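Coordinates in review
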Amino acid sequence: MRTELLAPAGDLDRLKTAVIYGADAVYFGGKQFSLRARASNFSLDDIKEAVEFAHSYGKRVYVTVNIIPHNSDFNGLEEYLRKLEEFNVDAIICASQAICDLCKRVAPKLEVHISTQQTTLNSYAMAYWTSKKVDRIVLGREVTYEELQEIMQIAEIPVEVFIHGGMCANFSGRCTISNVLTNRDANRGGCAQSCRWNYHLYHGDDLLDKDEYLFSLGSKDMSTPDYIERLLKVNVASLKIEGRMKTAYYIASILKGYRLLIDSYYENGKVSEEDLKKADYYLSLAANRDTFNGFYPGVPDEKGQLYNFITTASQSFIANVRSYDAETSEAIIEVRNHFEVNDELVIMNPNGDDVRFTVKEMFDEKNEPVEVANKPMQLLRIKVPVAVNEYTFIHK
Ligand code: SF4
C-alpha cells in the first residue's frame, strides 16, 4: 500500500486547501479533548462537514483527542467519541491509554492512533502498543533513521512519522516550561513557546549573562525532503506534516513539495536531484525559520538549535483567489503582498505544474483601474490564463 501524506488543518478552509493540494489524509482537533486549544478548532458541525468534504475526494480524516487527561476531562468524552464514529471520522489520535481503551469500547469503528505525545522511540514500546491492539503508532519526532529501520523490522501495525514542521526543544508533550512561566498549559495547546524567549541569567543580584538565549531560541524547524526516499523504502504508513496553527498558503506550499517527491518515487522508483530542487522551491516559499533534518541523521548537536533572530520569512505569497468566472477568464483575488501591473505572477496549480503569467491590467471593486496592489485584503479583478478556484494561490 502507498504511504499517505498527512496534513494538518486549523479550520475548515485549511482542511479544504489541504485536500485540494494533495494530502491523502488530514488531521485536526475538535473544540474539546485536543491539544492546540488556541487554534480555531472544529465544532461538531465542522467535523461533519470536514468528513463529508474529505471523503468526497477519497481522503481520510483523523481527529486529535490527545490531551493528557485529568478526571474532569472524561465528562462528555464517551458521547463525543460516539459522535465522531457516527460522522464516519476514520481515526482518533490519542495520547492516553485510558482514552484509547474507552474508544475501543464505545466507538469500535474508529481507528485508534497513538499520538507522538507518547514519545514512542523504540521497538519495545512498539511491541507494547501492538499488544494493546491499537491501529497505528505515531513515532516521536526524536526517533533517528537508524532506530526507525529497527522499529520497522518488527512493526506489525502501521507506523506514522513526522517529516516537516516545528520541533520542541524538549521531548514533545513532556515540557512544562510554559506552564511554569505563564500558566499556559503546553499539554492543552497553550504553549507560549517559552523556550524561544530571551533570558538574562542572575546569581542573586549579579547579572551573569545578558542578551543570551539560555535555551537558545529553541530548535530549528524540521524539513526532510532528502529523507523521503529512505522513509518510503522502509514502508512507513504515513508521512506527517506538523502545523495546525499554520496558514493555508503554508499548507499548500509544503504539500506541493512533498507530493511531488512521493509521486515521483512511486512513478520512477526513486527521488531525483531534479525532484529535490523542485520540492525545495515549494518548501522555501513557506519557510520562516532555519531548518534541519530533525533527529533522522542522529541526535542533533548545537547545529539543530537557533541562536539568532534570523528568519527566512518570504513575501512570495501575492494573493488568493476568491472566485473565478469561466466566461471571462477573470478571477477575483484577495491581495496579500505588493505587486504591480506588468509583474510576472505564478498560479500555484494544485494538480500540476505552476502557470506563469503577466498582469496586464487589474480593477478594484468600483471597476477603477489599479496600477499597484499594495492594500492587504483588497479585492481585485484580473485575467488569468487557466481556470482557477477559490483555493488557488498566486505567488511570485
Ligand atoms: S516551551 Fe518550547 S519545548 Fe516547551 S512545549 Fe513549548 S515549544 Fe516545546
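Residues numbered from 1 in each chain as written. Predicted model: local features only at pLDDT ≥ 70, side-chain atom pairs only at ≥ 80, totals over all residues. Heavy atoms only, no water.

Take the layout of surface pockets next. Of the voids in this model, the second largest pocket is the one considered here, and its volume is about 500 Å³. If you go around the second largest pocket, you meet 22 residues; those closest to its centre are Lys256, Leu260, Tyr282, Gly352 and Asp353. For the lining of the second largest pocket, the element with the most residues is helix 9 (residues 248-268), which contributes seven residues. Per-class residue counts for the lining of the second largest pocket are eight nonpolar, four polar and 10 charged. Split by domain, the residues of the lining of the second largest pocket number at least three in each of domain 1 (4-167 + 219-304) and domain 3 (317-395). (1 Å grid on protein atoms, 1.4 Å probe; cavity = no way out; pocket = protein on both sides within 12 Å on 5 of 7 lines; lining within 4 Å. Points joined across faces, edges and corners; volume = space filled by probe spheres on them. Helix = DSSP H or I, 4+ residues; strand = E, 2+ residues; numbered from the N terminus. Nonpolar A, V, L, I, M, F, W, Y, C, P; charged D, E, K, R; others polar. Domains from an automatic or database assignment.)

Below, the discussion takes up the domain arrangement of the protein chain. Domain annotation of the protein chain identifies domain 1 (4-167 + 219-304), domain 2 (177-217) and domain 3 (317-395). Contact residues are listed per partner, giving 13 residues for domain 1 and 11 residues for domain 3. Across the domain 1/domain 3 interface, buried area totals approximately 1100 Å², and carbon plus sulfur atoms make up 62% of it. Ranking the residues of domain 1 by area buried against domain 3 places Ile20, Tyr21 and Tyr249 at the top, with a combined share of 51%. Where domain 1 touches domain 3, the interface holds one salt bridge. Inspection of the region where domain 1 meets domain 3 yields six residue pairs in polar contact (both at pLDDT 80 or more). Put simply, the parts of the chain that give the side of domain 1 that touches domain 3 at least two residues each are helix 1 (12-20), helix 9 and helix 10 (273-285). For the side of domain 1 that touches domain 3, the element with the most residues is helix 9, which contributes five residues. Here the residues of the side of domain 1 that touches domain 3 sort into eight nonpolar, two polar and three charged. (Contact = heavy atoms within 4.5 Å. Buried area = accessible area lost by both parts, 1.4 Å probe. Salt bridge = Lys/Arg side-chain N within 4 Å of Asp/Glu carboxyl O. Polar contact = N/O pair within 3.5 Å; in protein donor to acceptor, adjacent residues only side chain to side chain.)

Before going further, it helps to examine helix 1. Where burial is concerned, most of helix 1 is hidden: eight out of the nine residues are buried. Of the residues making up helix 1, those classed as buried are Leu12, Arg14, Leu15, Lys16, Thr17, Ala18, Val19 and Ile20. Here the buried face of helix 1 lies against strand 1 (4-8), strand 2 (25-29), helix 2 (44-56), helix 9 and strand 22 (393-395). Near the N-terminus of helix 1, the side chain that reaches the backbone nitrogen of aspartate 13, with its oxygen 3.3 Å away, is that of aspartate 11. One or two steps after helix 1, the chain reaches glycine 22, where phi turns positive at roughly 110 degrees. (Buried < 20%, exposed > 50% of the residue type's maximum accessible area, 1.4 Å probe, protein only.)

Okay, the sheet that holds strand 22 next. Strand order in this open sheet of seven strands is 18-17-22-14-15-21-19, and the pairing throughout is antiparallel. Only two strands of the sheet have a single partner each, and these edge strands are strand 18 (355-358) and strand 19 (362-363). The pairing of strand 17 (residues 344-348) with strand 22 spans three bridges and is classified as antiparallel. The residue of strand 22 that forms the bridge with methionine 348 is phenylalanine 393. (Pairing = 2+ DSSP bridges.)

In terms of burial, strand 7 (residues 159-165) is largely enclosed, as seven of its seven residues are buried. Since strand 6 (residues 136-138) and strand 7 lie parallel, the crossover through helix 6 (residues 145-154) that links them has a hand, and here it is right-handed. Strand direction decides the pairing type here: strand 7 and strand 12 (residues 238-241), joined by four bridges, are parallel. Bridged to valine 161 within strand 12 is leucine 239. (Right-handed = clockwise from strand over helix to strand, strands pointing away.)

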